[in-house]
Amino acid sequence: MPIIDLRSDTVTLPTPAMREAIFHADLGDDVFAEDLTVNSLEAMAAERLGMEAALLVVSGTMGNITCVLAHCARGEEVILGDSSHIFLNEAGGMSALGGVFPHTIPNLPDGTMRLEDIAAAVRGENIHFPHTRLVCLENTHNRCYGAALTPEYTAAVVFLAKKRGISVHLDGARIFNAAVALGKDARELTRGVDSVNVCLSKGLSAPVGSVICGSKEFIGRARRIRKMLGGGMRQAGIIAAAGIVALENMVDRLAEDHKNARRLAEGISGIPGLSTEPDRVRTNILYIDLTDRRFSDEEFMTRLEKQGVRLSHPGPSRFRMLTHQGIGVQQIDAAIAALRAVMQA
Ligand code: TLP
């Protein structure tokens, strides 16, 4: 029985169309900007995100750190959510690599930060303070049940930031999940931001890669930083070819993942000893809490694995599941049955 792998949408494998596109890709040396497939992907990504220019990077983490370093000098400060991926899950890169100072404020359950909190976090001119340079948003918000930030919220943050002379970076690793869930064009979700990072290798199922987008001038600076980080790739059209298929063919189907995540959460909510919040599930991410303390977290995961289901473990008694291309209704129902079997043991 194949494992039902709900740990992440990063486990998705390239589709047959992607493998075919990789095989036939036109290649060149991308450090000389001579890889036609990379150039096409970057042009397509910029257009789909409503930005002037784009740059292919190895990963979402590299996309975010490249953008932060392109916005901020050493000793400058970034305002970001205390549950954001950049703060929690990117190995402290902004401080380690850029000497950039993170200033966290609370994320609300819907993935937003209060506008008052952002405004209060922006420093005034005073020799004791770092200069605030950037505010980071995340859409969808991984830790907040995959919540989608609305265009109105993003516009309000952009307005505030512009007024205070700071830039906005959007970690849009799953921006297309947000666009599909809200029934909006992705351009409405990026309007006004100075940079965005979009992952091709999550729900969109490409094997590798993210694109960052911004103004031509910003992407010029980002290109140099990517080189400095060791991310100047050569025949990167091998990667970009799959990315083009991801943007062309894999966006609309995300609606299916969202429906499946909801079905999974609803099924789990009827299982004693587990708790989840189906009403919060709007995209492809859900969390469950193990409320029955008969098993340790590790034992729960081991028992579930024996039933053929894998999930991730972001914190004590808390588990995360993501739906994706490899998971259909049949796998959802089998996962619910497996969880029920474990809890009834
Ligand atoms: N997230 C991964 C893990 O690191 C948690 C996952 O399985 O969800 N921004 C957001 C919002 C992300 O969720 C991720 C990956 C990234 C950035 C980083 O992307 P990669 O893994 O390509 O460096």
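Asker: Whenever I open this one, the overall build of the chain confuses me. Can you help?
Answerer: Broken down by element type, the chain carries 14 helices and 13 strands. Against the globule reference of 20 Å for 345 residues, the chain gives a C-alpha radius of gyration of 20 Å, in line with a compact fold. Based on the C-alpha atoms only, the size of the chain along its principal axes is roughly 60 × 55 × 35 Å. Considering the chain as a whole, with its 345 residues, one finds that 54% of them fall into the buried category. Residue pairs at least 24 apart in sequence account for 74% of intrachain contacts in the chain once pairs closer than 6 positions are excluded. Accessible area for the chain stands at about 14,500 Å²; split by element, carbon and sulfur atoms hold 54% of it.

Asker: Honestly, the nonpolar core in this entry has me stumped. Any pointers?
Answerer: The biggest cluster of nonpolar side chains holds 53 residues, and the ones touching the most others in it are L49, L56, V135, F176 and L204. Among the elements that take part in this core, helix α11 (residues 237-249) stands out by supplying seven residues, more than any other. Among residues more than four places away in sequence, those in contact with V135 are I79, M113, I118, V157, A161, I166, S167, V168 and H169.

Asker: Explain unusual backbone geometry here, please?
Answerer: Excluding glycine, residues mostly have negative phi values, and the peptide bonds linking residues are mostly trans. Residue T140 follows N139 across a cis peptide bond; omega there is 0°. Note on placement: T140 falls in the loop between β5 (132-138) and α7 (151-163). A positive phi angle, near 60°, is found at Y145, a position not held by glycine. Along the chain, the position of Y145 falls in the loop between β5 and α7. For S317, which is not glycine, the phi torsion reads 65° and is therefore positive. Relative to the assigned elements, S317 resides in the loop between β12 (312-315) and β13 (318-322).

Asker: Before we go on, may I ask you to explain the packing of helix α8 (residues 175-182) against helix α12 (residues 254-269) in this structure?
Answerer: Packed helices, taken two at a time, are described by the angle between their axes plus the distance between the axes. Where α8 contacts α12, the two axes come as close as 9 Å, and the packing angle between them is 75°. Relative to α12, α8 is oriented roughly perpendicular. Note on element contacts: α12 touches α8 through L254, A255 and H258, opposite F176, N177, V180 and A181. Residues of the contact of α8 with α12, tallied by class, amount to five nonpolar, two polar and no charged.

Cut-off values and rules
Residues numbered from 1 in each chain as written. Predicted model: local features only at pLDDT ≥ 70, side-chain atom pairs only at ≥ 80, totals over all residues. Heavy atoms only, no water. Helix = DSSP H or I, 4+ residues; strand = E, 2+ residues; numbered from the N terminus. Rg over C-alpha atoms; globule rule 2.2 N^0.38 Å. Buried < 20%, exposed > 50% of the residue type's maximum accessible area, 1.4 Å probe, protein only. Contact = heavy atoms within 4.5 Å. Areas by Shrake-Rupley, 256 points an atom, 1.4 Å probe, with all protein chains shown as cover. Core = buried A, V, L, I, M, F, W, Y, C linked by side-chain atoms within 4.5 Å. Axes fitted to C-alpha atoms, helices over the stretch in contact; angles between N-to-C directions. Parallel < 35°, antiparallel > 145°, perpendicular 65-115°, else oblique. Nonpolar A, V, L, I, M, F, W, Y, C, P; charged D, E, K, R; others polar.

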